[in-house]
Amino acid sequence: MNEKRLKEIKDRKTEIRSLLEDTSKEVNMEEINKELDNLNKEQSEIEARSKVALQLRNGEIEADKESKVSADEEDDEEVEVVTKEERKSKMSKEVRSFLKYMMSGGKETRGVTLQNGQAVVPEELDNEIITEMREVSDVMNFINLKNVKGTLRVGNISAIGANKDKDGDSIEAKGGVTGDVTFGSYRTSAKIELGVGLDAESLDAFKEIIVSELALALAIEIESQILNGTGTNEAKGLFVEELPAAQKTTVKLSEFCHANLTTLKGLIRQAYGKRASFLINTKTFHSLIEGMVGTDKHPIYNSDSELLLKKPVILSDEAPENKILYGNGKRYWYNYNMAPQIASSDQEKFSEGLIVHRALAFGDGHVMDKKAFAVLTIDTTEAASSDTEVKG
């Protein structure tokens, strides 16, 4: 039975991979990631159960002694016997050691990999954090988030555009990246504070908290770099990258209307626009765009489908206000190239009963194809002296 289900899971993963590789079809990455998480979890549980069953069959381990249940407490349902090994298999020894390190404020270091005096997040936990970051940050799903360990070097990515050449002719560059791009390992730091009081029996709950809090803290910091990074000792942001003049447009606040957004869509080629989205600051979207109507007096934003002019909208508090980016986010790469390192201390906020955990993540990001993006800037200088009404 287990073998049959494992084959079904493997076949479904193959189907998903084929779906992702088919660029002609739209996919909901949030649903895909959720399904993959569930499949991986189920596969891990089946494999762990099979391993324990084999060990029991070979007499390598013994099942925990179960307390007897009185006849009054018995029911018709089958009672699942969970061995001690099965319980441990759900959380690796490395993860348990790492969590104990954090719970102890950095005092318990047995079984923990230390680097520069800080604990390295185990790969198993790191993968969960990456998955959680995708769930809390739409920007992480918008871009091409990679997890290549060590140095990632990419050369000559040419923008869309075929050359009309003959055999022997030199090939003309059509934009994009025309030289090697080496992704660095720049540090991103985040801090979380958790109360003292959890013990070893609370590891499962503590793990959920750690994954959730670290993912949120790191996602906010990395998202800020992806959008606004200077490119010096950090990723270069989408809104910082200098785009060709033909892919930039500016409009006065008093003249801003739906036609400007339509014009913005036309600044990149349809091959990019087919999978493009709008990326907008949350405040700018709600104050200037959400209630905007077209010439037919109908809203240009559909709140049910969450589409703006029939294109997805990515909202971010980290995006600059009064700027709107339109493009194919997969042409921006961010490589998360090393597991985070954690330094935990119960001294900094000892009087408040808190343990401070400082997380360092490492990565770098680059626009891989400038022709895939366009930016609209809303000029608000005139609004400083008078209240300005935005056109519908």
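Rules used in this analysis
- Sequence order sets the numbering: in each chain, residues are counted from 1 along the sequence as written.
- At least 70 in pLDDT is required for a residue's local features to be given in this predicted model, at least 80 for side-chain atom pairs to be given and counted, and no such filter applies to totals for whole chains, interfaces and linings, which use all residues.
- In computing side-chain values, all of the structure's heavy atoms are included and hydrogens and water are not.
- Each helix is a run of DSSP H or I of at least 4 residues and each strand a run of E of at least 2, with the numbering of both proceeding from the N terminus.
- Whether a residue is buried, partly exposed or exposed follows from its accessible area with a 1.4 Å probe, protein chains only, as a fraction of its type maximum: under 20%, in between, or over 50%, in that order.
- Note on contacts: a residue pair qualifies if any of its non-hydrogen atoms lie within 4.5 Å across the two residues.
- Surface accessibility follows the Shrake-Rupley procedure with a 1.4 Å probe radius. Residue values consider only the protein chains on display as shielding.
- The criterion is simple. A nonpolar core is a set of buried Ala, Val, Leu, Ile, Met, Phe, Trp, Tyr and Cys residues joined through side-chain atoms within 4.5 Å.
- Both site types are read off a 1 Å grid over the protein atoms alone. A 1.4 Å probe that fits but cannot get out defines a cavity, while an open set with protein on both sides within 12 Å along at least five of seven lines defines a pocket; lining residues have an atom within 4 Å of a point.
- Grid points are joined across faces, edges and corners, and a volume is the space filled by probe spheres set on the points.
- Note on residue classes: Ala, Val, Leu, Ile, Met, Phe, Trp, Tyr, Cys and Pro are nonpolar, Asp, Glu, Lys and Arg are charged, and everything else, Gly too, is polar.
- A pair of strands is treated as paired once DSSP finds two or more bridges between them.
- Only the stretch in contact is used when fitting a helix axis, every axis being a line fitted to C-alpha atoms; angles between N-to-C directions are given from 0 to 180 degrees.
- Take a side-chain nitrogen of Lys or Arg and a carboxyl oxygen of Asp or Glu: if they are within 4 Å of each other, that pair is a salt bridge.
- To pair, rings of Phe, Tyr and Trp, with the six-membered ring standing in for Trp, must have centres within 6.5 Å; the planes then decide the type, stacked if under 30 degrees apart, edge-to-face if over 60, and tilted in the middle.
- What pLDDT reports is the predictor's confidence in each residue, on a scale of 0 through 100.
- Whenever a nitrogen or oxygen atom comes within 3.5 Å of another N or O atom, the pair is scored as a polar contact, on the condition that within protein one atom can donate a hydrogen and the other can accept it, and that pairs from neighbouring residues in sequence are kept only if both atoms are in side chains.
- The labels follow the angle: roughly parallel below 35 degrees, roughly antiparallel above 145, roughly perpendicular from 65 to 115, and oblique for the rest.

A. Fine view of the overall build of the protein chain. On a plain count of helices and strands, the protein chain comes out with 10 helices and 17 strands. Residue burial in the protein chain is summarised as follows: out of 392 residues, 38% are buried. Across the protein chain, the fraction of contacts at a sequence separation of at least 24, relative to all contacts at a separation of at least 6, is 76%. Roughly 22700 Å² of accessible area belongs to the protein chain as shown, and the carbon and sulfur atoms make up 46% of that amount.

B. Just the nonpolar core, in detail. Counting 76 residues, the largest nonpolar core has Met133, Ile226, Leu238, Phe256, Leu261 and Ile324 as its most contacted members. Examining the composition of this core, we find that 12 residues originate from one element, helix α7 (residues 203-228), more than from any other. Sequence-distant contacts of Ile324, that is, excluding residues within four places in its chain, are made with Phe239, Phe256, Leu261, Leu264, Phe278, Leu279, Ile280, Ile289, Ala374, Val375, Leu376 and Ile378. Leu152, Val154, Trp333 and Met368 belong to the second-largest nonpolar core, a separate cluster that totals 6 residues.

C. The layout of surface pockets, seen in detail. Its boundaries defined by the atoms lining it, the second largest pocket holds a volume of some 900 Å³. Lining the second largest pocket we find 28 residues, and of these Val27, Met29, Ser277, Pro312 and Ile314 sit closest to its centre. When contributions to the lining of the second largest pocket are tallied by element, the ones reaching two or more residues are α2 (29-57), α5 (123-136), α6 (138-142) and β13 (311-316). Looking at the lining of the second largest pocket, the element that brings in the most residues is β13, giving 5 residues. Its residues assigned to classes, the lining of the second largest pocket comprises 11 nonpolar, 7 polar and 10 charged.

D. Fine view of unusual backbone geometry. Of note in this structure, Asn116 is not a glycine but carries a positive phi near 55 degrees. Inspection of the secondary structure assignment puts Asn116 in the loop between β1 (114-115) and β2 (118-120). For Leu309, which is not a glycine, the phi torsion comes out positive at approximately 50 degrees. On the accessibility criterion, Leu309 (17% relative accessible area) is buried.

E. Examining the sheet that holds strand β17 (residues 373-379) more closely. If you walk across this open sheet you meet the 7 strands as β9-β17-β14-β10-β13-β12-β11, and the pairing is mixed. With partners counted over all chains shown, the strands left at the sheet margins are β9 (248-252) and β11 (301-302), one partner each. In the sheet, β11 pairs with strand β12 (residues 307-308) via 2 bridges, with the strands oriented antiparallel. Its bridge partner lying in β12, Asn302 is registered against Leu307. Packed onto the sheet, helix α8 (residues 258-265) meets β9, β10 (277-281), β12, β13, β14 (323-327) and β17 and runs at close to 155 degrees relative to β17.

F. Inspection of the pattern of salt bridges at higher detail. In total, this model carries 13 salt bridges according to the counting rule given. Across the pair Glu42 and Arg5 runs a salt bridge, and its minimum N-O distance is 2.7 Å. Here Arg5 lies in helix α1 (residues 2-21) and Glu42 lies in helix α2, a separation of 37 residues in the sequence. Exposure remark for Glu42: the relative accessible area of 28% places this residue in the partly exposed category. With its nearest N and O atoms 3.4 Å apart, the salt bridge here joins Glu241 to Lys370. Of this pair, Glu241 sits in the loop between α7 and β9 while Lys370 sits in the loop between β16 (354-367) and β17; the two residues are 129 residues apart in sequence, bridging distant segments of the chain. When salt bridges that share partners are traced, they join Arg5, Glu8 and Glu42 into one network.

G. Focus on the pairing of β17. Among the 7 residues in β17, 5 count as buried, and that is most of the element. Across 5 bridges, the pairing between β9 and β17 is parallel. The residue bridging Lys252 from the neighbouring strand is Asp379, located in β17. One ladder, built from 5 bridges, connects β14 with β17; its direction is antiparallel. Across the sheet, residue Lys323 finds its bridge partner in β17, namely Thr377.

H. Quick peek at the packing of aromatic side chains. Within the structure shown, the criterion is met by 4 aromatic pairs. Relative to Tyr101, the ring of Phe98 lies with its centre 6.5 Å away and its plane at 25 degrees, an arrangement referred to as stacked. Highlighted residues: Phe98 and Tyr101, both in helix α4 (residues 93-103), separated by 3 residues, approximately one helical turn. Overall, Phe98 belongs to the buried group, its relative accessible area being 1%.

I. Seen up close, the confidence of the model for the protein chain. Taken over all residues, the pLDDT of the protein chain has a mean of 81, while the share at 70 or more is 78%. β14 holds the highest mean pLDDT among the elements of the protein chain, 98, whereas helix α3 (residues 84-89) holds the lowest, 44. Note on residues 63-89: pLDDT is under 50 here. Beyond four places in sequence and across chains, it has 19 contacts.

J. Quick peek at the side chain of Gln341. Residue placement: Gln341 occurs in strand β15 (residues 332-345). At 3.3 Å, the side chain of Gln341 and the side chain of Gln118 are in polar contact. Once residues within four sequence positions are removed from consideration, Gln341 is found in contact with Gln115, Asn116, Gln118, Ala119, Val120, Arg358, Ala359, Leu360 and Phe362.

K. Structural detail: the packing of α4 against α7. Remark: α4 packs on α7, axes separated minimally by 10 Å, with the N-to-C direction vectors making an angle of 80 degrees. Here α4 is positioned roughly perpendicular relative to α7, judged by the angle of their axes. Contacts from Arg96, Leu99, Lys100, Met102 and Met103 in α4 reach Leu203, Phe206, Lys207 and Ile210 in α7. Taken together, the residues of the contact of α4 with α7 break down into 6 nonpolar, no polar and 3 charged.

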